Amino acid sequence: MQSLSLDIDVTPNDAILWRDDNLYLLDQRALPGAERFVVCPDAQTTADAIRSMVVRGAPAIGITAAYGVVLAARARYASSPDDWRGGFANDLAVLAASRPTAVNLAWAIERLRRAADVLDAGVDPVPALLAAARAIHATDRADNRRMGAFGADLIQGPTQVITHCNTGGLATGGWGTALGVIRSAHAEQRITHVFADETRPWLQGARLTAWELARDGIPASLIADGAAAARMAQGGIGWVIVGSDRIAANGDVANKIGTYALAVAARYHGVRFMVAAPTSTIDLQTPDGGAIPIEQRPADEVFNCAGQRIAAEGIGAWNPVFDVTPAELVDAIVTERGVIERPDVHKVAAHMAGN
Ligand code: MRU
């Protein structure tokens, strides 16, 4: 993967760029130490970038995959204008396999597949697919703002909140899901302080959420993941606010490992638990949390910190990078369409049907 510095003012809201017919991804592995981009010339490099965490966060993964589909179509059409669809289907499968839990990935690829299906044979697919990818990107940004407003309305502030992983501009098309709610609520003086879990093992909280909060000037403290329950016990925390990689039809929520423990602790301490996610994260085909595929990543991620082995030799590791929070522990799911309070299968279905 080729890395380079772009001559631009890097912001979390522009972590995915389509410029001069190329896809550029802000390399989130290097943040906050370095602000450099990775260039993705083709679908395989795009899939590699998703798998290796150059880009991460469910909506951002979906947007990136959509541009990856454009790159795939461009290459297949250039080499075989009359018969580009065969290899193209394979490229889509490669992209879809890059990370299993975030359903936004499959959702975005399916959107692009449908846009390709209606094209006449021999027509250059790139303009139509690029328009579809750009629409997904722009819609996600706009949806984040709506989610931010709906989520902020729920917070009877001023209060303090706890968040987990990174759900901001970096993880989306811009603004964020849970962090978008926090931004909107802070702007309305409903949130006075944010406690951000560091989020082992990739430290998305310490590296990425801290970077975004500091840039925004939102008062925040970093806490070890294990400190969250103790912080709740001290009082003053109104909400835990998190994002999601997949919400099942019954309202069970898959999100970064450690989210479930936060939800259990929140219920015990009388702290409310909010999940902010676009409807593209709700998967009606997955009946409940038990059916959500949970990504397992290499043991080295647990053994090491910043590339340095920390763990003693001779130990094994268990590294599921997401967990499932049962719907009964969720007080509210906030989407771009509104709020599902105390979600269950009926309320989720009604919300998705637009009722
Ligand atoms: O492994 P990651 O960094 O991709 O995990 C990201 C999360 O768990 C986020 O909370 C989720 O994708 C929602 S992002 C808006």
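## A word on the overall build of the chain
Looking only at helices and strands, one finds eleven helices and 17 strands in the chain. For 355 residues, the compact-globule estimate of 2.2 N^0.38 gives 20 Å, and the chain sits close to it at 20 Å. Out of the 355 residues in the chain, the part that is buried amounts to 54%. With the model as given, the accessible surface of the chain reaches about 14,100 Å², and the carbon-plus-sulfur share is 52%.

## Looking at the sheet that holds strand β4 (residues 37–40)
Here four strands make up an open sheet; going across it, the order is β1-β4-β3-β2 and the pairing antiparallel. Both outer strands of the open sheet, β1 (2–4) and β2 (16–19), are each paired with one neighbouring strand and no more. Direction aside, the axes of adjacent strands within the sheet are offset by 30 degrees on average. Against the sheet, helix α1 (residues 43–51) touches β3 (22–26) and β4, its axis set at about 145 degrees to β4.

## Thoughts on the site of the ligand
Lining the immediate surroundings of the ligand are 18 residues, of which R99, Q204, D245, N255 and K256 lie closest. One of the side-chain N or O atoms of R99 is found 2.8 Å from an oxygen atom in the ligand. Q204 has a polar side-chain atom sitting 2.8 Å from an oxygen atom of the ligand. Coverage of the ligand by the protein chains reaches 100% of its 410 Å² of free accessible surface. Mapped by element, the contributors of at least two residues to the shell around the ligand are α2 (58–79) and β10 (253–256).

## A closer look at the side chain of D143
Within the secondary structure layout, D143 lies in helix α5 (residues 126–154). Polar side-chain contacts of D143 include one of 2.8 Å to the side chain of R146.

## Examining the pattern of salt bridges
In total, this model carries 20 salt bridges according to the counting rule given. A salt bridge links R190 to D153; the shortest N-O distance between them is 3.9 Å. Taken together, the residues R190 in the loop between α6 (178–187) and β6 (191–197) and D153 in helix α5 connect sequence positions 37 residues apart. Judged by relative accessible area, D153 falls into the partly exposed class, the value being 46%.

## Examining α2
In this model, α2 (22 residues) spans 32 Å end to end at C-alpha, consistent with the 32 Å of a helix rising 1.5 Å per residue. Most of α2 is tucked away: 17 of the 22 residues are buried.

## Looking at the packing of aromatic side chains
Applying the stated rule across the entire model yields two aromatic pairs. Each ring, one from W18 and one from Y67, has its centre 5.4 Å from the other, and the planes form 15 degrees; the classification is stacked. One end of the pair, W18, is in strand β2; the other, Y67, is in helix α2, and 49 residues separate them in sequence. Taking 5.1 Å as the distance between ring centres and 70 degrees as the angle between the ring planes, the aromatic pair formed by W84 and F88 counts as edge-to-face. Summarising the burial analysis for this pair, W84 and F88 share the class buried. The ring of W175 carries the charged tip of R145 above its face, separated from the ring centre by 3.6 Å. Over the ring of W175 we find R183, and its NZ or CZ is 5.5 Å from the ring centre.

## A closer look at the nonpolar core
If you look at the biggest cluster of nonpolar residues, it comprises 41 residues, and the most contacted ones within it are L23, L25, Y67, V69, V70, F88 and L129. In this view, V69 contacts F88, L92, L95, I109, L112 and L129; residues no more than four positions away in its chain are not counted.

## Some details on unusual backbone geometry
With an omega of 0 degrees, the peptide bond running from L31 to P32 counts as cis. Topologically, P32 is positioned in the loop between β3 and β4. The residue after G157, namely P158, is reached through a cis peptide bond having omega -5 degrees. By the secondary structure assignment, P158 is in the loop between α5 and β5 (159–163). Although it is not a glycine, C165 sits at a positive phi angle of roughly 60 degrees.

## Considering the pairing of strand β11 (residues 272–276)
Among the five residues in β11, four count as buried, and that is most of the element. Inspection of the sheet shows strand β8 (residues 237–242) paired to β11 by four bridges, in the parallel sense. When the sheet's bridge partners are listed, W239 is paired in β11 with R272. By the bridge criterion, three bridges tie β11 to strand β16 (residues 332–335) in an arrangement that is parallel. Bridge pairing links M274 to A332 in β16.

## Points about the sheet that holds β16
In spatial order, the strands read β7-β6-β5-β8-β11-β16-β17; together these seven strands make up an open sheet with mixed pairing. Where the open sheet ends on each side, the last strands, each with one partner, are β7 (220–223) and β17 (338–341). The sheet shows a mean angle of 25 degrees between the axes of neighbouring strands, taken without regard to direction.

Cut-offs used in this document
Residues numbered from 1 in each chain as written. Predicted model: local features only at pLDDT ≥ 70, side-chain atom pairs only at ≥ 80, totals over all residues. Heavy atoms only, no water. Helix = DSSP H or I, 4+ residues; strand = E, 2+ residues; numbered from the N terminus. Rg over C-alpha atoms; globule rule 2.2 N^0.38 Å. Buried < 20%, exposed > 50% of the residue type's maximum accessible area, 1.4 Å probe, protein only. Areas by Shrake-Rupley, 256 points an atom, 1.4 Å probe, with all protein chains shown as cover. Pairing = 2+ DSSP bridges. Axes fitted to C-alpha atoms, helices over the stretch in contact; angles between N-to-C directions. Contact = heavy atoms within 4.5 Å. Near = heavy atom within 4 Å. Polar contact = N/O pair within 3.5 Å; in protein donor to acceptor, adjacent residues only side chain to side chain. Salt bridge = Lys/Arg side-chain N within 4 Å of Asp/Glu carboxyl O. Expected span 1.5 Å × (residues − 1). Phe/Tyr/Trp six-rings, centres within 6.5 Å; stacked < 30°, edge-to-face > 60°. Lys NZ or Arg CZ within 6 Å of the ring centre and 35° of its normal. Core = buried A, V, L, I, M, F, W, Y, C linked by side-chain atoms within 4.5 Å.

From the geometry alone we can't say anything about function, so treat these as descriptive.
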